[in-house]
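Listed here are the chains, written in short residue letters.
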Amino acid sequence: MNLRKRHKGASAEVHTSAMNDIMFFLLLFFLIASTVTNPNVVKLLLPKSSSGQSVSKKTINVSIDKNLVYTIDKKQVPVDQIQPTLQSYKSLATELTIVLYVDRTVAIQDVVQVMDIAQKLNIKMVLATEPKG
């Protein structure tokens, strides 16, 4: 029986502290980069067609000032002519959106009147506001 200690060869050690630092910085970089990018954006390459129809989207500005003067795309329109005028715009564009600019002193009934006309014609409407500050 050999009870002598066997002499082991040189020990192999790997110092990973520098690699740990690099991995930490890479992880931190990717975490910060992932919060900056917008995940809702999907890039698509759409097919081309020579016979396809494009959907036209048009925006119309309708304004009502404090003297109840109705303006549609910089043209004054009497109250009783709002619906026929919007109907003519509707026939030109398949998707139509109205941006409604109203003076803050105008009664809500006058605003609702224009909203009802847009609802009858199935036109989307957005009410324009000013930011606070």
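Residues numbered from 1 in each chain as written. Predicted model: local features only at pLDDT ≥ 70, side-chain atom pairs only at ≥ 80, totals over all residues. Heavy atoms only, no water.

Within an unreviewed UniProt entry, the label attached to the protein chain reads Biopolymer transporter ExbD, and the organism entered is Mucilaginibacter rigui.

### Examining the side chain of Thr 71
Our working rule: Helix and strand assignments follow DSSP, with helices taken as H or I runs no shorter than four residues and strands as E runs no shorter than two, numbered in order from the N terminus. Each residue is placed in one exposure class: buried if its accessible area under a 1.4 Å probe, protein chains only, is under 20% of its type's maximum, exposed if it is over 50%, and partly exposed if it falls in between. By the convention used here, residues are in contact when the closest approach between their heavy atoms is within 4.5 Å.
Mapping Thr 71 onto the fold places it in strand S2 (residues 70-72). With relative accessibility at 18%, the residue Thr 71 sits in the buried group. Excluding its chain neighbours within four sequence positions, the residues that come into contact with Thr 71 are Asn 61, Val 62, Ser 63 and Gln 76.

### Quick notes on helix H3 (residues 108-120)
Test applied: Each residue after the first adds 1.5 Å to the expected span of a helix.
The end-to-end C-alpha distance of H3, which contains 13 residues, comes to 18 Å, matching closely the 18 Å that a straight helix rising 1.5 Å per residue would cover. For H3, the secondary structure elements touched by its buried residues are strand S1 (57-64), S2, helix H2 (82-92), strand S4 (95-102) and strand S5 (124-127). One or two residues past the end of H3 sits Asn 122, with phi positive at roughly 60°.

### A look at the nonpolar core
As a reminder of what qualifies: Nine residue types can take part in a nonpolar core, namely buried Ala, Val, Leu, Ile, Met, Phe, Trp, Tyr and Cys, and a core is a set of them joined through side-chain atoms within 4.5 Å.
By size, the foremost hydrophobic cluster in this structure holds 20 residues, and its most contacted members are Val 62, Ile 72, Ile 82, Leu 86, Val 114 and Ile 123. Secondary structure elements with two or more residues in this core: S1, S2, H2, S4 and H3. Ranked by residues supplied to this core, first place goes to H3 with four residues. Not counting residues up to four positions away in its chain, the partners in contact with Leu 86 are Val 62, Ile 72, Leu 96, Ile 98, Ile 117, Leu 121 and Ile 123.

### Some remarks on the environment of Lys 58
Mapped onto the elements, Lys 58 comes out in strand S1. Remark: the alpha-carbon pair of Lys 58 and Thr 97, spanning 39 residues in sequence, is separated by 6.3 Å. Discounting residues that sit within four places of it in the chain, Lys 58 has contacts with Asp 73, Tyr 89, Ala 93, Glu 95, Leu 96 and Thr 97.

### Focus: the side chain of Asp 110
Just so we agree on the cut-off: Positive residues here are Lys and Arg, negative ones are Asp and Glu, while His and the chain termini are left out of the count. In what follows, salt bridge is the name for a side-chain nitrogen of Lys or Arg lying within 4 Å of a carboxyl oxygen of Asp or Glu.
By the secondary structure assignment, Asp 110 is in helix H3. No salt bridge is formed by the buried Asp 110; the nearest opposite charge belongs to Lys 120, separated by 14 Å. Dropping the residues within four chain positions of it, Asp 110 is found in contact with Ile 64, Leu 68 and Tyr 70.

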